[in-house]
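Listed below are the residues making up each chain.
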Amino acid sequence: HLGELMAAFRRLYEQQYAVALFNNIRFVIEGGGGPQPQLLQRKVPLENKSIFSGSLFHYLEENKRWRSRFLFVPDSYSISYYDSKAVHDKGQHPKGTINCAGYKVLTSLEDYLDLLADSLPGVKAKTGSSAFLKCATQFPLILWHPYARHHYFCAVSEKDQKKWHAVLQDCIRHTNDGLPEEDKVQTPAFTDAVRLYRQAQGHYGTWEMMCGAPSQILSNLVMEKLLSELRDLICPRLKGKLHERQKSWMLISDAVYSLVQGRCLAQYEELLQRCEAARSSLEASIRTDMDQIISSKEHLSSKIRAAVVPKAEKLLKVSIQPYISSILDALMEPTSRGFSEVRELFFKELVDMSKNIINEGTKEMVAQHMDKISMLAFHPVKMQSCYEKVEQLSLEGLQQRFDVSSPSVFVQRAQILMREQMDNAVYTFEQILHQSLETQGTEELCKTVQRCQDRVLKKFDYDSSSVRKRFFREALLQIFIPYMLKQLSPSCLSELLRFQEMIFEDFSPFILVENIFEEVVLHSVTKDIMMAVKEAAVQRRHNLYRDSIVLSNSDPSLHLLGDNPSIDWAGEYGGGQEKTDGPEKEEEEEEEEEGGEGQKKRRMKQVVSMIQVEDSDLPSPETGAEVPSIRDIPEEDGQQEEEEQEVEQEEEQEVEQEVGQEEVEQEVEQEEGQQEQEVGQEEQEEQEVHSDAANPPDLSSASVSEEKRIQPEEQRKDSEPLEGETAAGVLEDKDTPSDLEGEQRFPPPPPTGAAERSSAPLPPPPHDGGEAGEEGTPTSSAAPQPPQPPQPGGDQTAAGAQ
């Protein structure tokens, strides 16, 4: 099977490599591209960072026992497990490493057993038979793969399980994201070759196992065809009880998968070297005959278009157009909620920072908060609430009709885009705030943070709209194009063969009839998809900007900061001490002087804080051992200190509040006095004294009166309905056009029962009260938050979002 696949794939890859090289050179010469993003993009976001580390129970299949393992997740999102934390600190090799591509994480033993039963169809378990796996605790974490070895872990508490579940999902999401887009030749050549190979086998549509490195994808292609034959050959010969046969089958499948991966890797590297060796001669031919190649391709495209378009339009009218709006709505609702949650989380983190620096406005305090906010996009636990919104995406009823294997392909892609937008927003805020601190110092620090926040949020709204519209177009094409190709290929295949004679021999490597045929089909449906997305942008409930709103050179000074590296807030301002795993600081400094890979791993700062547990606290229980008590596990920052702090907080609240309110009251009174100049000064001061005595000031924003002045203007603009497209033009405002702030501003989530009436009610926004102590985030002890008055209509997130 491997020999047959690689022979067919080698031919397809060599053809697509030349086409991809031609397309790349043509794009570089002619230029092009979509709208320029407003936010800056970080080049190396996870430099000297690790995602997660901690201890879990790990099931050892060789002796059927559970043992405590120390797991370490670096910036590559692979999972390495060690015998103990001390072994990792010494820089020794791990016991094993898990590449999460193609895996699924399960938190229920019943779900795992159901998937396991499907792997051996026709084999039924006897009544009363027990599974081979007995979990050490009632909080399992199982990594399941259709071909590779399964991994079994157990957490000690539900809270620990949720945290690890978010981390494992993030590892799977990252490794399933596909090949790097930076390579404009190898990546499109490989993906097109894989797609054409599957189409030749009769498999159209999305494919869940298009994940991992090229060798893994090729191995998945082999196993997709090999596994059924292997199962029919081996399963009747398996002996023993059901769980013994299941375990034997898993070991055999993993061994075959490893063997296939090794051979695929060697043959793919050989193929890649051959194509790279011929690249220079191909590129010389392309640059010499570029105009003739383009003319020949356009002439051939016109011939194929005349033969294919009538059939494609008939199919489009009957089988595609009636479903575009329904599929687009199914994609838009959860995706827009997810991006709204990303914006809300970013806004919430900045508001929390403003609350803490409103009384103690120093650069050190800002650095402490920014040191944690800088990695917000790569914090799986905090981002989990955003990811869960998109996981509600459902394509039931349309999935089988258009050969969509699973919506997980679109869900994971949307989640990756959400993480990129969050990181772009955080990185842009970092650069703007750092520039402001260098020029303005600490004067009016809270107002500086507020200005930077508003500036970034406007850019986020515009980029969020552009990214989502591009995602919707690509998702619709991924759904419709395979269906149209499957319907049109049988009738058009005979006609395509005669077009091959119209291609000059010198140009044949760069012009393929199959590719032009797919381009014609793509262009036939693109117009309807673009129109559907354009109409959806006019509807306010989707929070999309219209295509007529274009930001061009809106902030040239900001893009000068695009090449700046990430800011080391703790090192530059001395705002925070990086937490390391070592027990004593003096020993760490000595190890840093010695250098070495092991010491480098110890110095890597962790994105997600974790309850570090030594092996002495986690004994190695036997199979089926009871769950250790969570009270035996020390918290990261000291559980006893947190309890004492909560007790003392109530006693110190009144004293701290009086100190914190003096400055805020003066600022609020001054701004409200400017707003209401018509009212007498003496009457205004009496009203403010009474209102401040009855209701403490709201510390959620540094400029309360600014929001009050903006509110009436925004409400007047929001009340005006959108009646169609405006003339396209370039808006030259510094940050965003004036109508973006009112008409097209990213609105807060709608109140319950309005836009989400047809869907299930969303859970309330996550509360960071319990997460603050866990993550080590400084709480607002210096300026305790007074009780907030209830918001009208029960929507408690509207005020913050506004």
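Quick caveat, the model's predicted, so the values are computed rather than measured. (Residues numbered from 1 in each chain as written. Predicted model: local features only at pLDDT ≥ 70, side-chain atom pairs only at ≥ 80, totals over all residues. Heavy atoms only, no water.)

Trainee: Please set out the pattern of salt bridges residue by residue, giving values where relevant.
Mentor: For the structure shown, the criterion picks out 21 salt bridges. A salt bridge links D83 to R67, with the nearest nitrogen and oxygen atoms 3.8 Å apart. Of this pair, D83 sits in the loop between β4 (79-82) and α2 (85-89) while R67 sits in strand β3 (residues 65-73), and the two are 16 residues apart along the sequence. By relative accessible area, which is 34% here, R67 ends up partly exposed. K297 is the salt-bridge partner of E519, the closest N and O atoms lying 3.6 Å from each other. Linking E519 in helix α14 (residues 513-538) with K297 in helix α9 (residues 290-357), this pair joins segments that are 222 residues apart in sequence. The exposure class assigned to E519 is partly exposed, which follows from its relative accessible area of 31%. Since its relative accessible area comes to 12%, K297 is described here as buried. (Salt bridge = Lys/Arg side-chain N within 4 Å of Asp/Glu carboxyl O. Helix = DSSP H or I, 4+ residues; strand = E, 2+ residues; numbered from the N terminus. Buried < 20%, exposed > 50% of the residue type's maximum accessible area, 1.4 Å probe, protein only.)

Trainee: Tell me about the packing of aromatic side chains, and please be specific about residues and values.
Mentor: A full pass over the atoms with the stated rule returns 17 aromatic pairs. With 6.0 Å between their ring centres and 40° between their planes, Y13 and Y17 make a pair best called tilted. A residue pair is termed a helical-turn pair when its members lie 3 or 4 positions apart in one helix, as Y13 and Y17 do in helix α1 (residues 2-30) at four residues. On the basis of an interplanar angle of 55° and a centroid distance of 5.8 Å, the ring pair of F471 and F472 is categorised as tilted. A residue is classified by how much of its surface remains accessible, and F471, at 4% relative accessible area, is buried. Directly above the aromatic system of Y387 lies the positively charged group of R173, at a separation of 3.9 Å from the ring centroid. A cation over an aromatic ring shows up here: R468 above the ring of F339, its NZ or CZ 5.7 Å from the ring centre. (Phe/Tyr/Trp six-rings, centres within 6.5 Å; stacked < 30°, edge-to-face > 60°. Lys NZ or Arg CZ within 6 Å of the ring centre and 35° of its normal.)

Trainee: Kindly report on the pairing of strand β8 (residues 151-154), identifying the contributing residues and their values.
Mentor: Residues H151 and F153 of β8 are buried on one face, and the alternating residues Y152 and C154, pointing to the opposite face, are buried as well. Note that strand β2 (residues 52-60) and β8 share two bridges and pair antiparallel. If you follow F57 over to β8, its bridge partner there is C154. As judged from the four bridges shared by strand β7 (residues 140-144) and β8, these two strands associate in the antiparallel manner. Bridge assignment links I142 to a residue of β8, and that residue is Y152. A loop of six residues connects β7 with β8, the two strands running antiparallel in sequence. (Pairing = 2+ DSSP bridges.)

Trainee: An account of the nonpolar core is needed here, citing residue identities and associated values.
Mentor: Judged by nonpolar contacts, the single largest core of 164 residues is most densely connected at F9, Y13 and F429. Element by element, the count of residues in this core is highest for α9, at 26 residues. Contacts of F9, omitting those with residues within four sequence positions, involve F190, A193, V194, L218, Y268 and L271. Among the nonpolar cores identified, the runner-up in size contains 16 residues, and F57, Y59, L116 and Y152 belong to it. (Core = buried A, V, L, I, M, F, W, Y, C linked by side-chain atoms within 4.5 Å. Contact = heavy atoms within 4.5 Å.)

Trainee: Could you give an account of unusual backbone geometry, naming the residues involved and the relevant values?
Mentor: Most peptide bonds take the trans form, and the phi angle of most residues other than glycine is negative. The phi dihedral of K64 falls on the positive side, at around 55°, and the residue is not glycine. Assignment of secondary structure puts K64 in the loop between β2 and β3. We classify K64 as exposed; its relative accessible area is 52%. Not every positive phi belongs to a glycine, and Y77 is a case in point at roughly 65°. Along the chain, Y77 falls in the loop between β3 and β4.

Trainee: Any chance you could break down the sheet that holds β2 for me, citing the residues and the numbers?
Mentor: Sheet architecture is open: seven strands sit in the order β5-β4-β3-β2-β8-β7-β6, paired in antiparallel fashion. A single partner strand is all that each edge strand has here, and the edge strands are β5 (96-98) and β6 (104-106). The sheet shows a mean angle of 35° between the axes of neighbouring strands, taken without regard to direction. Strand contacts of helix α3 (residues 109-119): β6, β7 and β8, with the helix running at about 25° to β7, the strand carrying the most contacts. (Axes fitted to C-alpha atoms, helices over the stretch in contact; angles between N-to-C directions.)

Trainee: For a negative patch on the surface, give the residues involved together with the corresponding values.
Mentor: Side chains of E110, D111, D114 and D118 sit close together on the surface and give a patch of like negative charge. Tracing the backbone through its elements, the reader meets D114 in helix α3. (Patch = residues over 30% accessible without salt bridge, like charges linked within 9 Å, V, L, I, M, F, W, Y side chains within 5 Å. Areas by Shrake-Rupley, 256 points an atom, 1.4 Å probe, with all protein chains shown as cover. Lys, Arg positive; Asp, Glu negative; His and termini not counted. Charge placed at Lys NZ, Arg CZ, Asp CG, Glu CD.)

Trainee: Break down the side chain of S78 for me, with residues and values.
Mentor: Examined against the element boundaries, S78 turns out to sit in the loop between β3 and β4. A polar side-chain atom of S78 sits 3.1 Å from a polar atom in the side chain of S76. (Polar contact = N/O pair within 3.5 Å; in protein donor to acceptor, adjacent residues only side chain to side chain.)

Trainee: Can you lay out the environment of L477 for me, pointing to particular residues and giving the numbers?
Mentor: Here L477 is to be found in helix α13 (residues 445-499). Residue L477 is classed as partly exposed on the basis of its relative accessible area, which comes to 21%. As a C-alpha pair, L477 and I529 span 52 residues in sequence and 8.1 Å in three-dimensional space. Here L477 is in contact with P482, L522, V525, T526 and I529, once residues within four sequence places are set aside.

Trainee: Any details on the packing of α9 against α13? Residues and values, ideally.
Mentor: Each pair of packed helices can be summarised by the angle the axes make with each other and by the distance between the axes. The contact between α9 and α13 brings their axes to 6 Å, and the two run at 160°. One element, α9, and the other, α13, form an angle in the roughly antiparallel class. Regarding α9 and α13, the two cross each other, and that crossing is right-handed. Class assignment for the residues of the contact of α9 with α13 results in 40 nonpolar, eight polar and six charged. (Parallel < 35°, antiparallel > 145°, perpendicular 65-115°, else oblique. Left-handed = near helix turned anticlockwise from the far one by under 90°. Nonpolar A, V, L, I, M, F, W, Y, C, P; charged D, E, K, R; others polar.)

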